[in-house]
Amino acid sequence: THMRDTTVGAGLSTHAGRQIQAEYVSPTSSLVGKSIDTITVQIKKIGTPTGTAQVGIFNTDLTVKKLFATIDPATLTLSYTDKTYSLTGETYTISSGDRIGIKYAGGDTSNYVAIMTDNVAADPFDGTNSYHTYYDTTWKTFTANDLYMILKDLAD
């Protein structure tokens, strides 16, 4: 397991106006060069989101770098639940600049996918080397926060 941040902090929305919630991997992150095949996040739905959401690795321009799963947000529960998504028969090697998390370009401020973050300053994952980021009109960074996230390689 390369990242295990299971501190429950505040949930944040992912929707058309805030398409990606992710953990940003800086050049000094302990995650750089690690292989993963499984991502666990804590998510739920608010309202009646439709369409599809994606879990994986995202580029600066919001495109998918590596897709771990496509989700139908309507199938999510109304309470935060750990959801695990895995690659089949392959691994992904984390690079500097990766944004690991969830993308949902549908919905609005009343119908969205919510993801749990760790905004508890007492126990950051990897200090400021990996941190929470989201995209609305530009990338916003929160170096003191992380996503609630578990990253692992099941072969390890």
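See the structure shown above.
A tally of regular secondary structure across the protein chain gives 0 helices and 15 strands. If one aligns the C-alpha atoms of the protein chain with their principal axes, the spans along those axes are about 40 × 35 × 30 Å. When the 156 residues of the protein chain are sorted by exposure, 48% land in the buried category. Considering only contacts within the protein chain whose residues lie at least 6 apart along the sequence, 80% involve residues at least 24 apart. When the accessible surface of the protein chain is summed, it comes to about 6700 Å², and 50% of that surface belongs to carbon and sulfur atoms.

Now for the side chain of Ser29. Inspection of the secondary structure puts Ser29 in the loop between strand S3 (20-25) and strand S4 (35-36). Reaching out from Ser29, the side chain makes a polar contact with the backbone nitrogen of Leu31 at a distance of 3.0 Å.

This part covers the pattern of salt bridges. Per the counting criterion, the structure on display carries 3 salt bridges. Lys65 serves as the salt-bridge partner of Asp98, at 2.7 Å between the closest nitrogen and oxygen. Of this pair, Asp98 sits in the loop between strand S9 (92-93) and strand S10 (99-103) while Lys65 sits in strand S7 (residues 64-71), and the two are 33 residues apart along the sequence. Residue Asp98 is classed as buried on the basis of its relative accessible area of 1%. Assessed through its relative accessible area of 37%, Lys65 is described here as partly exposed.

Here we come to the environment of Thr7. Position of Thr7 among the secondary structure elements: in the loop between strand S1 (3-5) and strand S2 (11-14). Using a relative accessible area of 19% as the deciding quantity, one classes Thr7 as buried. For Thr7 and Lys66, which are 59 residues apart along the polypeptide, the C-alpha to C-alpha distance reads 26 Å. Not counting chain neighbours up to four residues away, the residues in contact with Thr7 comprise Thr117, Asp118, Val120, Asp123 and Tyr148. At a separation of 2.4 Å, a polar atom in the side chain of Thr7 contacts the side chain of Asp123.

Further remarks concern unusual backbone geometry. Phi is positive for Leu62, close to 80°, though the residue is something other than glycine. Here Leu62 shows up in the loop between strand S6 (53-58) and S7. Residue classification places Leu62 among the buried positions, given a relative accessible area of 12%.

Next up on the list: the pairing of S6. For S6, the tally of buried residues reaches 5 of 6 residues, placing the bulk of the element in the interior. Hairpin connection between S6 and S7: a loop of 5 residues separates the two successive antiparallel strands, and Leu62 in this loop has a positive phi of roughly 80°. Here 5 bridges tie S6 to S10, and the two strands are oriented antiparallel to one another. Among the inter-strand pairings, Gln54 is bridged to a residue of S10, identified as Lys103.

Ranked by size, the top nonpolar core spans 27 residues in total, and within it Ile43, Phe68 and Leu151 carry the most contacts. When residues of this core are traced back to their parent elements, those giving at least two are strand S5 (38-46), S6, S7, S10, strand S11 (112-118) and strand S15 (149-152). When sequence neighbours within four positions are dropped, the list of residues in contact with Leu151 reads Thr1, His2, Met3, Leu31, Ile36, Thr38, Ile39, Ile94 and Ile100. Grouped together as the second largest cluster of nonpolar side chains are 6 residues, Ile20, Ala22, Leu62 and Trp139 included.

Attention now goes to the sheet that holds S7. The antiparallel open sheet is built from 6 strands, whose spatial order is S7-S6-S10-S3-S12-S13. What marks the edges here is a single partner per strand, and that holds for S7 and strand S13 (139-142). Mean inter-strand twist for the sheet, computed between neighbouring axes without regard to direction, equals 20°. As paired elements, strand S12 (residues 130-135) and S13 share 4 bridges and run antiparallel to each other. What sits directly across from Tyr134, in S13, is Lys140.

Definitions and limits used
Residues numbered from 1 in each chain as written. Predicted model: local features only at pLDDT ≥ 70, side-chain atom pairs only at ≥ 80, totals over all residues. Heavy atoms only, no water. Helix = DSSP H or I, 4+ residues; strand = E, 2+ residues; numbered from the N terminus. Buried < 20%, exposed > 50% of the residue type's maximum accessible area, 1.4 Å probe, protein only. Contact = heavy atoms within 4.5 Å. Areas by Shrake-Rupley, 256 points an atom, 1.4 Å probe, with all protein chains shown as cover. Polar contact = N/O pair within 3.5 Å; in protein donor to acceptor, adjacent residues only side chain to side chain. Salt bridge = Lys/Arg side-chain N within 4 Å of Asp/Glu carboxyl O. Pairing = 2+ DSSP bridges. Core = buried A, V, L, I, M, F, W, Y, C linked by side-chain atoms within 4.5 Å. Axes fitted to C-alpha atoms, helices over the stretch in contact; angles between N-to-C directions.

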